[in-house]
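# Reading the structure
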Amino acid sequence: MNVLLTDRKTIAEGTTEITLDLRGQEFNFKAGQYVNICLPSLEHPDSKGNCREFSIASSPREAGIIRIAFRNSESGFKRTLLGMPLGREVELDGPFGLFTIPKRQIAPMVFVAGGIGITPFMSMAKTATEDKNSLKIILITSNHSIERTAYREALHKLEKENQNFTLKENLGHLTREFIQETMTEVPEAVYYLAGPPKMVYDIRQALKTAGVDDDDILAEEFVGYE
C-alpha cells in the first residue's frame with residue numbers, strides 16, 4: 001500500500017523516528033511485528049536497493065499511523081529517506097514476523113534490547129500499558145550512552161503508568177552478571193532478545209548456560225544499520 005511520510009524527528013543521538021500516515025487504509029498488526037518500506041526512487045546510490053525492513057515502534061491502538069525508528073547512516077536508502085520532503089509517498093508492505101506476545105502468556109517476560117533493538121519492545125510496552133495488561137514485564141535496555149538511548153523519556157513515562165512494567169538501563173557492554181541479576185527476580189521468565197547479532201548470541205548463550213530452556217528464548221537480530 002502507498003502511505004505518506006508525515007513526520008520526522010530526532011529521538012536520540014544519531015537516531016530518527018518517522019511517522020507514516022496510512023491514509024485511511026486498514027492495516028492490522030501485532031506489537032512486535034515489522035514492515036517493509038520501499039522508496040519510489042533513491043537520490044543516492046545504494047547496493048542494497050530501495051527497500052528496508054523496520055520494526056514498528058508504535059502500538060496498534062495508534063489509529064491511522066505507524067511509527068518506525070532507525071539509527072542514521074550513510075546508506076543511500078537512509079540518506080534519501082532523511083532528505084525526502086514530508087508529504088511524499090512511500091510503499092509499505094506487511095506486517096511480518098512472529099516476535100509477538102502470545103495471547104495466553106502467563107510467565108513474566110524479560111525484554112533485552114540492544115541499541116535500536118528497542119523498537120519492537122517500545123510497541124509491546126506501550127500496548128501492554130494501554131491494554132492494562134497484568135503481565136509482568138522487565139525491559140533491559142543497553143546503549144553506549146544516555147544520549148544514544150532511544151525512547152528513554154517515553155519508557156520512563158510508561159514505567160510510571162504501568163505498575164507491572166519495570167525499566168532497567170545498562171550503559172556500555174551488557175554483562176552476564178547484569179542479566180543474571182534480573183534472572184533472580186523472575187526465575188520462571190520468558191526472554192525476548194533484540195539487537196546486534198553478537199549481543200543477541202552472547203545473551204542467549206548466557207541464558208542457556210544459566211539453565212533457561214531454549215524454547216523460552218525468542219530472538220530478533222538487527223543485522224543492518226544501513
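Just so you know, these numbers come straight off a predicted model, no measurement behind them.

Close approach of charged atoms lets side chains of opposite charge pair. In this structure the tally under the stated criterion is 13 salt bridges. K126 is paired through a salt bridge with E130; the nearest N and O atoms lie 2.7 Å apart. Residue K126 and its partner E130 are both found in helix α2 (residues 118-130); the two are separated by four residues, about one turn of the helix. Its relative accessible area of 24% is what places K126 among the partly exposed residues. When the shortest N-O distance is used, the salt bridge between D202 and K198 registers 2.8 Å.

The element strand β8 (residues 137-143) is extensively covered by neighbouring structure, given that seven of its seven residues are classed as buried. In terms of strand pairing, strand β7 (residues 109-114) meets β8 through six bridges, oriented parallel. The residue bridging F111 from the neighbouring strand is L139, located in β8. On the question of chirality, the crossover connecting β7 to the parallel β8 by way of α2 is right-handed. Summarising the sheet, β8 and strand β9 (residues 165-171) pair through seven bridges and their orientation is parallel. Within β9, the position partnered with S142 by the bridge is N170. Crossover connection from β8 via helix α3 (residues 152-161) to parallel β9: handedness right-handed.

This model, assessed by the stated rule, comprises eight aromatic pairs. Note on F99 and Y192: the rings are 5.2 Å apart at their centroids and 55° apart in plane angle, and the pair reads as tilted. Of this pair, F99 sits in the loop between β6 (89-96) and β7 while Y192 sits in strand β10 (residues 190-195), and the two are 93 residues apart along the sequence. The same class applies to F99 and to Y192, which are both buried. Members of the aromatic cluster, connected to one another through ring pairs, are F99, F111, F121 and Y192. K168 extends its terminal NZ or CZ atom over the ring of F178, reaching a point 5.6 Å from the ring centre.

With that settled, consider the environment of N162. Tracing the chain through its elements places N162 in the loop between α3 and β9. The class for N162 is buried, based on a relative accessible area of 8%. Each C-alpha atom, one on N162 and one on A128, is 8.4 Å from the other, the two residues being 34 residues apart in sequence. Contacts of N162, omitting those with residues within four sequence positions, involve A128, T129 and N133. There is a polar contact of 3.2 Å between the side chain of N162 and the side chain of T129.

Calculation criteria
- All residue numbers refer to position in the chain's written sequence, counted from 1.
- Local features in this predicted model are restricted to residues whose pLDDT is 70 or higher, and side-chain atom pairs enter the listing and the counts only when it is 80 or higher, whereas totals over whole chains, interfaces and linings include all residues.
- Water and hydrogen atoms play no part in the side-chain values, which are based on all heavy atoms of the structure.
- Here, a salt bridge means any Lys or Arg side-chain nitrogen found within 4 Å of an Asp or Glu carboxyl oxygen.
- The secondary structure listing takes helices from DSSP runs of H or I that are at least 4 residues long and strands from runs of E that are at least 2 residues long, numbered from the N terminus.
- When accessible area is computed with a 1.4 Å probe and restricted to protein chains, residues below 20% of their type maximum are described as buried, those above 50% as exposed, and intermediate ones as partly exposed.
- Strands are treated as partners if at least two bridges between them are detected by DSSP.
- Note on handedness: a clockwise path from strand one over the helix to strand two, with the strands aimed away from the viewer, defines a right-handed crossover.
- Paired rings are identified among Phe, Tyr and Trp, the last through its six-membered ring, by centres lying within 6.5 Å, and are further divided according to the angle between planes into stacked (under 30 degrees), edge-to-face (over 60) and tilted (the rest).
- Sitting over a ring, as applied to charges here, requires NZ of Lys or CZ of Arg to be within 6 Å of the ring centre and within 35 degrees of the ring normal.
- Should any heavy atoms of two residues lie within 4.5 Å, those residues are considered in contact.
- Side-chain atoms alone can form a polar contact between residues adjacent in sequence; in general such a contact is a pair of N or O atoms within 3.5 Å, and within protein one must be able to donate a hydrogen while the other accepts it.

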